[in-house]
Amino acid sequence: MRLRCAVLDDFQQVAKEAADWSSVAGEVDVVSFDAHLPDEDALAAALAGFDIVVTLRERVAFPGSLLARLPRLRLIVASGMRNSVIDYAAAEAHGVTVCGTASSSAPPVELTWALLLGLARGLVRESNGLREGGPWQQTVGADLHDRRLGLLGLGKIGSRVAQVGLAFGMRVSAWSQNLTRERADEVGVELAPSMEELLRTADFVSVHLALGERTRGLLGPAELALLKPTAYLVNTSRAAVVDQDALLAALHEGRIAGAGVDVFDTEPLPAGHPMRTAPRLLATPHLGYVSQANYATYYGQAVEAIRSYLAGSPVRRLPAP
């Protein structure tokens, strides 16, 4: 019997073109889903007839309760080498192998700067005004040169964001709970004495922290109140690092100049979600990892993972040791 592979959240319908699937075509039928399956019941119904699932990042959770409803499932390939929404113990108990893929940090770095620059220079408002016959020049851009960029997190992504900031002539400082002066010196940035001091002094704050117990809700009402009224906040990391209600309040009340957000508490955003209409917000639909090169890696290595599984030697098994 031929195997069936479901590719989830293939919104642009590019999975089959982004990689060469011919090496598994003799044994596997591939079906793409271009609409998000919103809950466990929908997933259980849609995936009941599949042996393999390819899923992007952490968009779809695979708890034990769902895995128990998918007795035919044998392989999950998740893009990236870290996934917090798969129950690995349950997967093992149900005989499901989980594999990952490589993922480049370059695309989220680039999107971070797209959001930051778009905010600073009012690009959306000015472009819309030009196209719609509005006023010629409506905003006065915020300068980057000699302004302070505060980074929450200085890992692979944060350090690359820092390098771009330095190239713009910005004064860059960073903070995280485990950040050392040696690491800050290595990247060429200042070590902020505290998160509170970073928030008080930065003109632009960008979030690059992994989500965990220590970072969930890290930026709440009190922390956001420390930001200058002229400051901008960018989050391409995880929505839950920033208290979403507190951020919406700050935007509506004009307590910060603006925010650039690529991650949300619910994805895709429901039609009536307040993030869709918040003032001073430049929002994108979680595009941080969505690029041609990353998709070629994701789907190319997904094919490799399927082929290796069929040969009895799975590659890049998760959780990674």
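Up top is the structure.
On a predicted model such as this, the values are computed, not experimentally measured, just so you know.

A. Broad picture of the overall build of the protein chain. Each helix and strand in the protein chain was counted, giving 12 helices and 12 strands. For the protein chain, whose C-alpha radius of gyration is 21 Å, the value lies close to the compact-globule estimate of 20 Å for 321 residues. Dimensions of the protein chain, computed from the C-alpha atoms along their principal axes, are close to 65 × 50 × 35 Å. Within the protein chain, buried positions represent 47% of all 321 residues. If you take every contact in the protein chain between residues at least 6 apart in sequence, the share linking residues at least 24 apart comes to 64%. If you sum the accessible surface of the protein chain, you get close to 15000 Å²; carbon and sulfur atoms cover 52% of it. Where the 30 positive side-chain charges of the protein chain centre and where its 35 negative ones centre are 2 Å apart.

B. How the structure looks around the side chain of Ser105. Relative to the elements of secondary structure, Ser105 occurs in the loop between strand E5 (97–100) and helix H5 (106–120). In this structure Ser105 comes out as buried when scored by relative accessible area, which is 14%. Engagement of the side chain of Ser105 in a polar contact is seen with the side chain of Arg160, the distance being 3.1 Å. Residues in contact with Ser105, not counting those within four places in the same chain, are Lys156, Ile157 and Arg160.

C. Inspection of the sheet that holds strand E9 (residues 204–207) at higher detail. The sheet built from 7 strands is open, its strands ordered E8-E7-E6-E9-E10-E11-E12 with parallel pairing. With partners counted over all chains shown, the strands left at the sheet margins are strand E8 (190–191) and strand E12 (281–283), one partner each. Direction of pairing for strand E6 (residues 148–152) relative to strand E7 (residues 171–175): parallel, over a ladder of 5 bridges. By the bridge assignment, Leu149 is partnered in E7 with Val172. Packed on one face of the sheet, H5 meets E6, E9, strand E10 (232–235), strand E11 (258–261) and E12 and runs near 155° to E10. The sheet contacts of helix H11 (residues 244–252) involve E10, E11 and E12, and relative to E11 the element is tilted by about 140°.

D. Structural context of the layout of surface pockets. Here the second largest pocket is characterised by a volume of approximately 310 Å³. Looking at the second largest pocket, it is lined by 18 residues, and the ones nearest its centre are Gly118, Leu119, Gly122, Arg125 and Arg280. Of the residues contributing to the lining of the second largest pocket, the split by class is 10 nonpolar, 5 polar and 3 charged.

E. Representation of the pairing of strand E3 (residues 52–55) within the structure. Neither face of E3 is exposed, since Ile52 and Val54 on one face and Val53 and Thr55 on the opposite face are all buried. Pairing analysis gives 3 bridges linking strand E1 (residues 3–7) to E3, with the strands arranged parallel. The partner of Ala6 across the bridge, within E3, is Val53. The pairing of E3 with strand E4 (residues 75–78) spans 4 bridges and is classified as parallel. Directly across from Ile52, in E4, lies its bridge partner Leu75.

F. Seen up close, the packing of aromatic side chains. Scanning the entire structure with this criterion turns up 6 aromatic pairs. With 5.9 Å between their ring centres and 65° between their planes, Phe33 and Phe50 make a pair best called edge-to-face. Here the residue Phe33 occupies a position in the loop between strand E2 (28–32) and helix H2 (40–47), and Phe50 occupies one in the loop between H2 and E3, the gap between them amounting to 17 residues. Just as Phe33 is buried, Phe50 falls in that class too. Within the aromatic cluster, the residues linked to one another by ring pairs are Tyr289, Tyr295, Tyr298 and Tyr299. Over the ring of Phe50 we find Arg4; its NZ or CZ atom is 4.2 Å from the centre of that ring.

Scoring rules and cut-offs
- Residues numbered from 1 in each chain as written.
- Predicted model: local features only at pLDDT ≥ 70, side-chain atom pairs only at ≥ 80, totals over all residues.
- Heavy atoms only, no water.
- Helix = DSSP H or I, 4+ residues; strand = E, 2+ residues; numbered from the N terminus.
- Rg over C-alpha atoms; globule rule 2.2 N^0.38 Å.
- Buried < 20%, exposed > 50% of the residue type's maximum accessible area, 1.4 Å probe, protein only.
- Contact = heavy atoms within 4.5 Å.
- Areas by Shrake-Rupley, 256 points an atom, 1.4 Å probe, with all protein chains shown as cover.
- Lys, Arg positive; Asp, Glu negative; His and termini not counted.
- Charge placed at Lys NZ, Arg CZ, Asp CG, Glu CD.
- Polar contact = N/O pair within 3.5 Å; in protein donor to acceptor, adjacent residues only side chain to side chain.
- Pairing = 2+ DSSP bridges.
- Axes fitted to C-alpha atoms, helices over the stretch in contact; angles between N-to-C directions.
- 1 Å grid on protein atoms, 1.4 Å probe; cavity = no way out; pocket = protein on both sides within 12 Å on 5 of 7 lines; lining within 4 Å.
- Points joined across faces, edges and corners; volume = space filled by probe spheres on them.
- Nonpolar A, V, L, I, M, F, W, Y, C, P; charged D, E, K, R; others polar.
- Phe/Tyr/Trp six-rings, centres within 6.5 Å; stacked < 30°, edge-to-face > 60°.
- Lys NZ or Arg CZ within 6 Å of the ring centre and 35° of its normal.

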